[in-house]
Amino acid sequence: MIQNPIRPTLSLDAPGKRHGHLKLPYSRNDSAWGAVMIPITVIVGKPGPTALLTGANHGDEYEGPIALQALAHEIEPEDVTGRLIIVPYMNTPAFRAGTRVSPLDQVNLNRAFPGAPGGSVTQKIAHYFNDTLVPMADLVVDFHSGGKTLDFVPFACAHYLDDATQQAACVAAVTAFNAPYTLMLREIDAVGMYDTAVEEQGKTFVTTELGGGGTATARSAGIAHKGIRNVLKHAGILPGAPEIAPTVMLDMPDDDCYHTAPEAGLIEPMADLGETVTQGQPLARIWPMDRSGAAPAVVHAQRDGVVVARHFPGLVQLGDTLAVLAVEAG
Ligand SMILES: [Zn+2]
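Overview of the structure. Please read all numbers here as calculations on a predicted model, not as lab measurements. (Residues numbered from 1 in each chain as written. Predicted model: local features only at pLDDT ≥ 70, side-chain atom pairs only at ≥ 80, totals over all residues. Heavy atoms only, no water.)

Focus: helix H6 (residues 218-234)
In step 1: For H6, spanning 17 residues, the distance from its first C-alpha to its last is 24 Å, which sits close to the expected 24 Å at 1.5 Å a residue.
In step 2: Every buried residue of H6 is listed here: Ser220, Ala221, Ile223, Ala224, Gly227, Ile228, Arg229, Asn230, Val231 and Leu232.
In step 3: In this structure, the buried side of H6 is in contact with strand S4 (46-54), helix H1 (63-74), strand S5 (81-87), strand S6 (139-142) and helix H4 (164-177).
In step 4: Backbone geometry just after H6 places glycine 236 at a positive phi near 80 degrees. (Helix = DSSP H or I, 4+ residues; strand = E, 2+ residues; numbered from the N terminus. Expected span 1.5 Å × (residues − 1). Buried < 20%, exposed > 50% of the residue type's maximum accessible area, 1.4 Å probe, protein only. Contact = heavy atoms within 4.5 Å.)

Laid out in structure tokens, this is it:
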């Protein structure tokens with residue numbers, strides 16, 4: 001059987017607070033016996049549950065890395081009942097390159113699960129999380145944002161699961177995160193996702209989409225800081241009760257929520273993030289890139305809803321997700 005070559009440079013179990021790396025040997029032209037070094041902080045306090053916290057699963061999403069760096073810096077073992085395993089830059093090569101997928105193998109970490117111990121760099125990272133770190137955890141929080149090509153209203157989300165008890169635990173943790181929006185998310189492409197791998201192992205799972213455009217704002221970073229502490233308070237790992245403000249509960253009842261660009265071109269948005277739209281209302285016009293004076297393509301809302309995501313760059317390609325709607329839950 002092929003062994004995964006990733007080794008932590010620190011103890012994952014000993015009491016106290018340690019900073020180190022997950023070391024993945026990576027032989028290449030500029031370093032024959034080099035390695036990919038993924039930063040990791042482990043904080044072990046009084047006996048209790050384990051939380052595995054990750055950012056930069058996609059390398060161009062920044063709220064998670066910011067909140068997790070702050071947590072690794074600020075939290076001390078005496079604050080913790082249980083264990084925190086903090087990996088701010090899960091896909092470190094992609095994070096350092098500022099790209100969604102890894103520049104080393106062009107693999108999207110969040111489509112690489114359950115991974116392969118003898119595969120490419122990204123497949124090895126996926127396999128190490130799937131087989132080593134996730135099994136240690138009771139609670140898994142994986143931060144996402146829109147990256148360079150999408151922008152979202154800030155939400156934390158859970159998925160519909162076959163196990164009602166597990167789904168209820170996920171919804172409770174997502175609600176404790178208390179982002180301005182709280183969503184039951186229908187994935188466009190769930191195969192190979194970390195989310196799916198974690199949920200299949202029966203864990204309580206929280207994920208987010210906190211903004212986008214390939215940057216963070218003071219507001220979106222603040223949502224991440226508060227949200228992660230809230231989830232850890234909810235789990236009893238940090239002391240105190242979650243700080244709860246009003247949130248808009250949203251659901252995605254069907255695939256009509258997704259709006260795909262029918263052609264390439266220049267996007268003219270006609271509804272902004274957070275706006276309520278009705279079925280048939282124009283969401284965007286797409287003007288041709290190769291001529292003037294022609295009529296634009298108009299993309300209409302396929303249902304009533306709230307605009308929760310949009311394509312971020314000003315130009316769109318055929319087949320891109322242009323806008324996503326969700327529906328306010330009762
Ligand atoms: Zn992402």
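As for the packing of H4 against H6
In step 1: Running from N to C, H4 and H6 cross one another at 135 degrees; their axes reach a closest spacing of 7 Å. Viewed along their axes, H4 and H6 adopt a mutual orientation that is oblique. H4 and H6 meet at a crossing whose hand is right-handed. Two secondary-structure elements touch here, H4 through Ala172, Ala173, Ala176 and Phe177 and H6 through Ile223, Ala224, Lys226, Gly227, Ile228, Asn230, Val231 and His234.
In step 2: Within the contact of H4 with H6, the residues separate by chemical class into eight nonpolar, three polar and one charged. (Axes fitted to C-alpha atoms, helices over the stretch in contact; angles between N-to-C directions. Parallel < 35°, antiparallel > 145°, perpendicular 65-115°, else oblique. Left-handed = near helix turned anticlockwise from the far one by under 90°. Nonpolar A, V, L, I, M, F, W, Y, C, P; charged D, E, K, R; others polar.)

Focus: unusual backbone geometry
In step 1: In this structure, proline 114 follows phenylalanine 113 across a cis peptide bond, with omega equal to 10 degrees.
In step 2: Structurally, proline 114 is set in the loop between helix H2 (92-97) and helix H3 (121-133).
In step 3: Even without being glycine, alanine 56 reaches a positive phi, approximately 55 degrees.
In step 4: With respect to the secondary-structure elements, alanine 56 resides in the loop between S4 and H1.
In step 5: A positive phi angle, near 60 degrees, is found at glutamine 106, a position not held by glycine.
In step 6: Assignment of secondary structure puts glutamine 106 in the loop between H2 and H3.
In step 7: The exposed category is assigned to glutamine 106, whose relative accessible area is 58%.

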